[in-house]
Structure formats: C-alpha cells, structure tokens
Amino acid sequence: MNNQNKIRDNAQADGLPLIQYLTKTTSMKKNIIFLIILCTGVFQNVKAQKETHSLSLDEVVKIASQKSLDAFRYKNMYLASYWEYRYYKADKLPSLSLNTTPLDFNHYRKREYNFQTNEEEYVLRDYFNSDVAVQLNQKIGLTGGSLFLTSELGMVKNLSGDQKTSYQATPVSIGYSQSLNGYNALKWQSKIEPVKFEKAKKEFVQSQENLAMKSTSMFFDLVDAQIQLKIAQNTMANADTLYKIGKGRFQVGTVTQDELLNLELGQLNAQQALSKARLEVSRSQSALNSYLMLENDTHVNCLVPSEIPTLQIKADEALDLALRNNPDILDQEQQMMEQNRAVAQARSESGLNTSLYAVFGLNQSAENFDMVYDQPDQSQRLRIGVNVPLVDWGRRKGRLMMAESTREVANARIRQARIDFEQNVFQSVMEFNLQAEQVKNAAKADTVAQKGFEVTFQRFLIGKVDVIKLNIARNDLESARKAYIAAVKTYWNYYYRLRMLTLFDFVKGENLTAEYDKIIKN
C-alpha cells in the first residue's frame, strides 16, 4: 500500500497521468537491462579478442625458445654440463678438510697374558680418546700425484688403573703419494673436460635451432590447416551457389539431371571437407598451443612470411663453418681422446704396478697438554709398493689388446661419421639453394591458379563452361595453394637445418651464440 502511494505521489510530482508514468518507468528499466547486456557482451568480446594472437614465424620461434618444455629441458642440460665443468675446475684447486673424532669411549675386555700368574686372562679396559686433524691437499696435474700437508692433535685417557692422560701432537707433516705405473688420470682429465664443456655450449646453441625447426613445422602445419579451412569454406559457398544455379537451370532445361546430381554431390563433398578442415585446424591449433605453453582456448592467426632471404650459400664455406662450429666434431674429438685414455690405462696395468708414499713431519707426546708442542721429534715414512704379476694367464695382455681393438673400431666409426657429416652439409646446401627457386615457382603457380579459377567461375556463371572444367579449376587452385605453403615450409626447414649444422647466421653473417652468463644467473 505504501509503494502504491509512493508511485502515485511521484506521478503527480512529474505532472503525468499514472498510466503514462508507469509506461515511462518500465521503458527506463528495459533500457537499463539492455545496457547491462550490451556491456556484458562487449566485455566478453574483449576477452575473446585477448585470446586471439596474430603471430609471425619469427615470433613463434622466439616464444618456443623461451616458454616451451624443450627449451626448459635444453637449458637444464646445459646447466648440468656447466656444473660438471665447475666441479672439474674446483677439483684442481687446493682443498682444506677437517677430520675429527670429538668423543670415543670404549669399555671392553681384552685378552692379555699375566706374567705374574703365567696365565692368559681377560682384563677390563676403559678409555676415552679424542682427536682432530686438519689437512690441505693439492693434486699435481703434471705427475698425477697428490701433495698433502697435515696437522694433528690427539688425546687418550685411561678410565681404569692409573687413569693416566696422554697427548700426542703432529704440528706439521708434509707428504706425497704417487702411482708409478705411467698412467696420469689428471692429465687425461685436463684434456677431455674442456672439450666436453665446449661441446655442451655448442650443443645448447644447436638445440635452439632444433627448437626453431620443430616450431616451424608446427607453425606451417597450422597454416596449412587454416588454408585448407578457407578453401573448404570457399568451396562450400561456391558449391551452394552452383547448386542453386543448377536447380534454376534444371527448371528451364539447360542443365541435365546428371549434371544437377553432380552439383549436389559436390555440395555434400564440400560439407564433409569443411568438417574435416575444422577438425584439422583444432588439432593443429591445440598442438601449437601445447608446445608454446599457451592457453588451450587461444586462437593463433598465423602470418605466413611473404618474403624469404635472398641467399646463395657456398658449399665450401658452409663445410668450413660446420667443421669449426658443429658440436658433433667436438664429440668425435672427445671420443678419440677417451679411446686413447682407455688404451693408456690398459697399457699401464699390463706391467709392474708400483706406488710411492713419503711423509716427513714433527711429532711429540706428553702427559700435559702444555708440553705436547715442546721440542717435537722428527718422524719420517717412505713406502714403495710393487705389484708384480707372476701368472695371470694373459689377462692383462688381453685387456690391452681389447682396448686397442676397441679404439680401432671407434676410429673407423668416427671416420665414417665424418664422411657422412660432410656429405650431409653439401646436400643441405644444395637443397637450400634450389628451394628458393621452388618457392618462387610455387608462388607464381598459385597466382596463376587463382586467376584461372576466377575466370572459369565467371564463365560457368554465364554458361560457357561445364561443371567438369569448373571442378578441375578448383582442384588446380587447391593444389597450387598447398604446393606453395609446402614450398615455404620446406625452405624454412632447410634454412634452420643449415643454421643447426653450421651454427652460423647467414643473414647477419655471424656465428650463433647464447647468453651463457644470463642462463646461469637465472
């Protein structure tokens, strides 16, 4: 009742009859609702626009190198190699270590001979000891030995009997240990490890080109699918138009029934092709989104490169770049050194195995801690060990012969791999140089096919061309478009493959590299 009185008072205040006031109020409410719906639609449209990206090939390659799971994997593979090399470098530096036993309590029975009773008996022993040692080690790469400097302090306290406490100190002692069989593991490590790390750096750069090849292939898969969809949509629209025209001409007798059925069949086939094309676009789009780590509902509009670099690469220059930059060459070098190391190790184990251990230091013991460092005595130790194989039934000789045979097999495999590598570089250069001309021819054929179809279609509309010739023109148009996209895709695959083989940017004229320090910091 109060609401009705309020509405009547508002109508009187506006000077309007009650019915007219209610009509005006209802109209305003409808306008408000319409504005809300309109704004909601606008926001949804803006959201949809945010999910659509127009990306060129270079942009897709860049996103793949930054966000793809392959990029993450390649980065961590390089980091693993980096820290492995850092470990090797640190292992060559002096190392300082602290060894200590803060508490060692022992309560046990020991079998001893009693000289008073001339009998063996078990005697209860209790003691407590503690020791600490500091050692400085340095590996000697020239000889393969190890030099060490040590300082030690120990204490033992008997808890039974006289309960005497004793201290022993070695203020300083210097020693050296060395294997004398002729095999220097440190020397071989210093040869192999730098090559391994340099190979890892080049492999990381090469992996970026692998990413480019993979993303290029997926990019053009989506391009091909999108073009197929456009062709299918145009074909469907043309088929509908032709079928409608055909029905009209069938009514007046200018088109036979079998031609009309052919047009209807073309319409049905066009509808099926359109469904397949939409499915293929969805599949290719999902694959690219997954690889680039984009949202599932993101739509990528691929911008096909309209131009290609005008490059003609010389095979000799490309081969020289590949031999200098490709990590496969470093891998072959590493394999050779590892095989030579295995032979050297087997040869060193086939004869006498001798070792040297020498120590010189100062030593003192006392019952009081204050006296343990007073007037220390000299202590020396020299130990030479010899292991002489008397009868081993040819095992050591067999191990050496096996290592040498394995090296020969590896050398033959490496020589064959080098030949295959050089042939691959020459073949890749020839294919790339020829592909640029193929792209030009395919582009020209696509233009000619497009104009031919337009002319044939117009002639069909005026009755100068039958359905068969129109279908031939349509097929020529589709084939020419597919051939052009395939030619462009092949060109860029060849281009990135050459970059991968040579690690060289032929457009900028410089070696490919990476920001290694930035990778480590991130």
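Residues numbered from 1 in each chain as written. Predicted model: local features only at pLDDT ≥ 70, side-chain atom pairs only at ≥ 80, totals over all residues. Heavy atoms only, no water.

Colleague: Is there a simple way to think about the pattern of salt bridges in this case?
Modeller: Opposite charge on two side chains lets them pair, provided their charged atoms get close. Using the criterion set out here, one finds 18 salt bridges in the structure. Across the pair aspartate 70 and lysine 214 runs a salt bridge whose closest N-O atoms are separated by 3.3 Å. Of the two residues, aspartate 70 sits in helix H4 (residues 69–91) while lysine 214 sits in helix H5 (residues 185–252), which places them 144 residues apart along the sequence. For aspartate 70, a relative accessible area of 14% translates into the label buried. Judged by relative accessible area, which is 40%, lysine 214 ranks as partly exposed. Here aspartate 446 ties to arginine 481 by a salt bridge, and the two come within 2.9 Å at their closest N and O atoms. Of this pair, aspartate 446 sits in helix H9 (residues 395–461) while arginine 481 sits in helix H10 (residues 467–502), and the two are 35 residues apart along the sequence. Residue class for arginine 481 comes out partly exposed when judged on its relative accessible area of 27%. Bridged by salt links that share partners, the residues Asp70, Arg73 and Lys214 form one connected network. (Salt bridge = Lys/Arg side-chain N within 4 Å of Asp/Glu carboxyl O. Helix = DSSP H or I, 4+ residues; strand = E, 2+ residues; numbered from the N terminus. Buried < 20%, exposed > 50% of the residue type's maximum accessible area, 1.4 Å probe, protein only.)

Colleague: Can you walk me through the confidence of the model for the chain in this structure?
Modeller: On average, the chain scores 82 in pLDDT, and the residues at 70 or more come to 87%. Here residues 26–50 is modelled with pLDDT under 50, and outside its nearest four sequence neighbours on either side it reaches zero contacts, counting other chains as well. (pLDDT = per-residue confidence, 0-100. Contact = heavy atoms within 4.5 Å.)

Colleague: When you look at the nonpolar core in this model, what are you seeing that I'm missing?
Modeller: For soluble globular proteins, nonpolar side chains are generally found buried alongside one another. Ranked by size, the top nonpolar core spans 62 residues in total, and within it Tyr78, Phe220, Val425, Phe432 and Trp492 carry the most contacts. For this core, the leading source of residues is H5, giving 12 residues. In contact with tryptophan 492, other than residues within four places in its own chain, are Leu57, Thr216, Phe220, Pro305, Glu307, Ile308 and Pro309. Among the nonpolar cores identified, the runner-up in size contains 12 residues, and Tyr243, Leu263, Ala449 and Leu477 belong to it. (Core = buried A, V, L, I, M, F, W, Y, C linked by side-chain atoms within 4.5 Å.)

Colleague: Which parts of the structure should I look at to understand the packing of helix H3 (residues 57–67) against H5?
Modeller: Closest axis-to-axis distance for the H3/H5 pair is 9 Å, and the angle between their directions is 130 degrees. When the axes of H3 and H5 are compared, the pair comes out oblique. Every pair of crossing elements has a handedness; the one defined by H3 and H5 is right-handed. Contacts between H3 and H5 involve Leu57, Val60, Val61, Ala64 and Ser65 from the first element and Gln208, Leu211, Ala212, Ser215, Thr216, Phe219 and Phe220 from the second. Split by residue class, the contact of H3 with H5 holds eight nonpolar, four polar and no charged. (Axes fitted to C-alpha atoms, helices over the stretch in contact; angles between N-to-C directions. Parallel < 35°, antiparallel > 145°, perpendicular 65-115°, else oblique. Left-handed = near helix turned anticlockwise from the far one by under 90°. Nonpolar A, V, L, I, M, F, W, Y, C, P; charged D, E, K, R; others polar.)

Colleague: Please explain the environment of cysteine 302 as it appears in this structure.
Modeller: Within the element layout of this structure, cysteine 302 appears in strand E6 (residues 299–303). C-alpha separation for the pair cysteine 302 and phenylalanine 219, spaced 83 residues apart in sequence, amounts to 7.3 Å. Here cysteine 302 is in contact with Leu55, Phe219, Leu222, Val223 and Gln226, once residues within four sequence places are set aside.

Colleague: Can you walk me through unusual backbone geometry in this structure?
Modeller: In most cases, non-glycine residues show a negative phi, while peptide bonds are predominantly trans. A positive phi is found at asparagine 118, a non-glycine position, where the angle reads about 55 degrees. Its location among the elements puts asparagine 118 in the loop between strand E2 (95–114) and strand E3 (119–139). For methionine 293, which is not a glycine, the phi torsion comes out positive at approximately 60 degrees.

Colleague: Explain the side chain of serine 284 to me, please; I cannot follow it from the model alone.
Modeller: You can see serine 284 is positioned in helix H6 (residues 257–292). Residue serine 284 is classed as buried on the basis of its relative accessible area of 4%. Apart from the residues within four sequence positions on either side, serine 284 is in contact with Asp221, Leu222 and Ala225.

Colleague: Help me understand the packing of aromatic side chains in this model?
Modeller: Scanning the model with the defined rule gives 18 aromatic pairs in all. Between tyrosine 85 and tyrosine 88, the aromatic rings sit 5.7 Å apart at their centres with planes inclined by 40 degrees, giving tilted as the arrangement. Here tyrosine 85 and its partner tyrosine 88 are both found in helix H4, three residues apart, which amounts to about one turn of the helix. By the burial criterion, tyrosine 85 is buried, and tyrosine 88 matches it. For the pair phenylalanine 504 and phenylalanine 506, a centre-to-centre distance of 5.2 Å together with 70 degrees between the ring planes defines the contact as edge-to-face. Exposure class is identical for phenylalanine 504 and phenylalanine 506. Each is buried. Residue placement shows lysine 191 over the ring face of tryptophan 188; its charged tip is 4.8 Å from the ring centre. (Phe/Tyr/Trp six-rings, centres within 6.5 Å; stacked < 30°, edge-to-face > 60°. Lys NZ or Arg CZ within 6 Å of the ring centre and 35° of its normal.)

Colleague: Please explain H3 as it appears in this structure.
Modeller: What sets the pattern is the α-helix's 3.6 residues per turn: residues three or four places apart point alike. Listed as buried for H3 are Leu57, Val60, Val61, Ile63 and Ala64. Buried residues in H3, looked at end-on, bunch into an arc of 165 degrees, giving them a common side. Exposed residues pointing more than 90 degrees away from the buried face of H3 are listed as Asp58, Lys62 and Gln66. (Arc of directions from axis to C-beta.)

Colleague: In this structure, what is going on with the environment of glutamine 135? I would like to understand it.
Modeller: Its place among the elements puts glutamine 135 in strand E3. At a separation of 3.2 Å, a polar atom in the side chain of glutamine 135 contacts the side chain of asparagine 137. Side chain to side chain, glutamine 135 and threonine 150 meet in a polar contact 3.1 Å long. (Polar contact = N/O pair within 3.5 Å; in protein donor to acceptor, adjacent residues only side chain to side chain.)

Colleague: Teacher, can you tell me more about a nonpolar patch on the surface here?
Modeller: A cluster of nonpolar side chains, contributed by Leu96, Leu98, Val132, Val134, Leu136, Leu147, Leu149, Val172, Ile174 and Phe360, occupies part of the molecular surface with about 820 Å² of accessible area. Of all the secondary structure elements, the ones that give two or more residues to the nonpolar patch are E2, E3, strand E4 (146–158) and strand E5 (165–179). With three residues, E3 is the largest single contributor of residues to the nonpolar patch. Tracing the sequence through the fold places valine 172 in strand E5. The partly exposed category is assigned to valine 172, whose relative accessible area is 37%. (Patch = residues over 30% accessible without salt bridge, like charges linked within 9 Å, V, L, I, M, F, W, Y side chains within 5 Å. Areas by Shrake-Rupley, 256 points an atom, 1.4 Å probe, with all protein chains shown as cover.)

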